[in-house]
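# Analysis of the macromolecular model
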Amino acid sequence: MNPVLRVEGVSKRFGGLHALSGVDWEIGAGRMFAIIGPNGAGKTTLFSIIAGAQAPTEGRIWLLGRDITLLGPEQRCGLGIARTFQVPRPFAGLTVLDNVAVGCLDASRNVAEARDAAMTVLETLDMAQVAGQRARSLSIGLRKRLEVAKALATRPKVLLLDEVMGGLHGSEVDAMIETIRGINRTGVTIVLIEHVMPAVMALAESVTVLDQGRVIASGAPREVTRDPAVVEAYLGDELVA
């Protein structure tokens, strides 16, 4: 099976800092993939390069066999790549519905149609009950969920989720796991950066570990979490136990 997304030899330098060094990986359509590693490992930089917010110093990005390395973020979004951010970025003064409707406008004939499409997204994410609330009034759990809704509104083929479970508690984490599973069941390919390891173990079919900008392990979650290099760099003996 050809990969839906392929990262080929991607490096990123900021002056003398090597944020990423020769990263290679790929993911098949409809799969769920996780990128883990310590803070500062280059995970979010990689997402920014895939989404088009930053250009790689070296390497290429491929989507469905097409080289998209030189395309801007709006073009990549139109081709099917959407992302969330670690810190939610809603339009604070708009309603939840209109936050999501913004993402629906490109594929809608008018604002009314965009709002209808946005309500469908909110219903999918169990947020219809807060559609009329201003985004600034939401709890952190609902802001994280809104961040996912805004990305989903663009009808992505590949959804990049950057720590959508950060700051959530037990039942909220469980609910987000089920939400991500539901999105994946519709055929959307999921790539997640996550520090909540129970969520990674529950969702990811494959995991890549970054440390200091380099891939130090890739494979099935249970195999990766037992890799001595991963334990030393990120997990620690207590967490693995």
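Everything here concerns the structure above.
None of the values given here were measured: they were computed from a predicted structure. Along each chain, residue indices are assigned from 1 in the same order as the chain's sequence is written. In keeping with the model being predicted, local features are shown solely for residues with a pLDDT of at least 70 and side-chain atom pairs are shown and tallied solely at 80 or more, while totals for entire chains, interfaces and linings include all residues. Neither water nor hydrogens contribute to the side-chain values; these are computed over all heavy atoms in the structure.

## Topic: the layout of surface pockets
For each structure, a 1 Å grid was placed over the protein atoms alone; sets of points admitting a 1.4 Å probe that cannot get out are labelled cavities, open sets with protein on both sides within 12 Å along at least five of seven lines are labelled pockets, and lining residues have an atom within 4 Å of a point. Grid points are joined across faces, edges and corners, and a volume is the space filled by probe spheres set on the points. The calculated volume of the largest pocket comes to roughly 430 Å³. Forming the boundary of the largest pocket are 18 residues, of which R83, F85, K150, A151 and T154 lie nearest the centre. If you list the elements that add at least two residues to the lining of the largest pocket, you get α2 (73–79), β6 (81–83), α3 (96–104) and α5 (140–152). Of the residues in the lining of the largest pocket, the class split is 9 nonpolar, 4 polar and 5 charged. When its volume is computed, the second largest pocket comes out at roughly 270 Å³. If you trace the second largest pocket, you find 16 residues lining it, with V121, T124, L152, A153 and T186 closest to the centre. Listed by contribution, the elements that provide at least two residues to the lining of the second largest pocket are α4 (111–124) and α6 (170–185). At 4 residues, the largest contribution of residues to the lining of the second largest pocket is made by α6. A class-by-class count of the residues in the lining of the second largest pocket yields 10 nonpolar, 4 polar and 2 charged. Every helix listed is a DSSP run of H or I at least four residues long, and every strand listed is a run of E at least two residues long, numbered separately from the N terminus. Each residue gets one of three labels, nonpolar for Ala, Val, Leu, Ile, Met, Phe, Trp, Tyr, Cys and Pro, charged for Asp, Glu, Lys and Arg, and polar for the others, Gly among them.

## Considering a nonpolar patch on the surface
Residues form patches when they are more than 30% accessible in relative terms and have no salt bridge. Like charges link within 9 Å. Nonpolar side chains (Val, Leu, Ile, Met, Phe, Trp, Tyr) link within 5 Å. Per-residue and other accessible areas follow the Shrake-Rupley method at a 1.4 Å probe size, with only the shown protein chains counted as cover for residues. Here, a salt bridge means any side-chain nitrogen of Lys or Arg that lies within 4 Å of a carboxyl oxygen of Asp or Glu. A surface patch of nonpolar side chains, amounting to about 390 Å² of accessible area, comprises F91, L94, V102, L105 and V111. Note that V102 resides in helix α3. V102 gets classed as partly exposed once you look at its relative accessible area, which sits at 40%. Each residue gets one of three labels from its accessible area relative to the maximum for its type: buried under 20%, exposed over 50%, partly exposed in between, using a 1.4 Å probe on protein chains only.

## Concerning the packing of α5 against α6
Where α5 meets α6, the axes come as close as 11 Å, and the angle between the chain directions of the two elements is 10°. The orientation of α5 with respect to α6, classified from their angle, is roughly parallel. Where α5 approaches α6, its residues G141, K144, R145, V148 and L152 are matched on the opposing element by E172, A175, M176, T179 and I183. For the contact of α5 with α6, a count of residues per class yields 5 nonpolar, 2 polar and 3 charged. Fitted lines through C-alpha atoms serve as axes, helices being fitted only where they are in contact, and the angles separating the N-to-C directions of these axes extend from 0 to 180 degrees. Roughly parallel covers angles under 35 degrees, roughly antiparallel covers those over 145, roughly perpendicular covers 65 to 115, and oblique covers all other angles. Only heavy atoms enter the contact rule, under which two residues are in contact if any of them lie within 4.5 Å.

## Some details on the packing of α3 against α4
As a packed pair, α3 and α4 sit with axes 8 Å apart at the nearest point and diverge in direction by 110°. Our classification of the angle between α3 and α4 gives roughly perpendicular. Crossing of α3 over α4 shows right-handed handedness. Together, V96, L97, D98, V100, A101 and C104 of α3 and A114, R115, A117, A118, M119, V121 and L122 of α4 make up the contact between the two elements. In a left-handed crossing the near helix is turned counterclockwise from the far helix by less than a right angle, and in a right-handed crossing that turn is clockwise.

## Observations regarding the environment of L142
Note that L142 resides in helix α5. Note: C-alpha distance between L142 and G59 (83 residues apart in sequence) is 37 Å. Dropping the residues within four chain positions of it, L142 is found in contact with M127 and V130.

Function-wise, these values are silent; they only describe arrangement.
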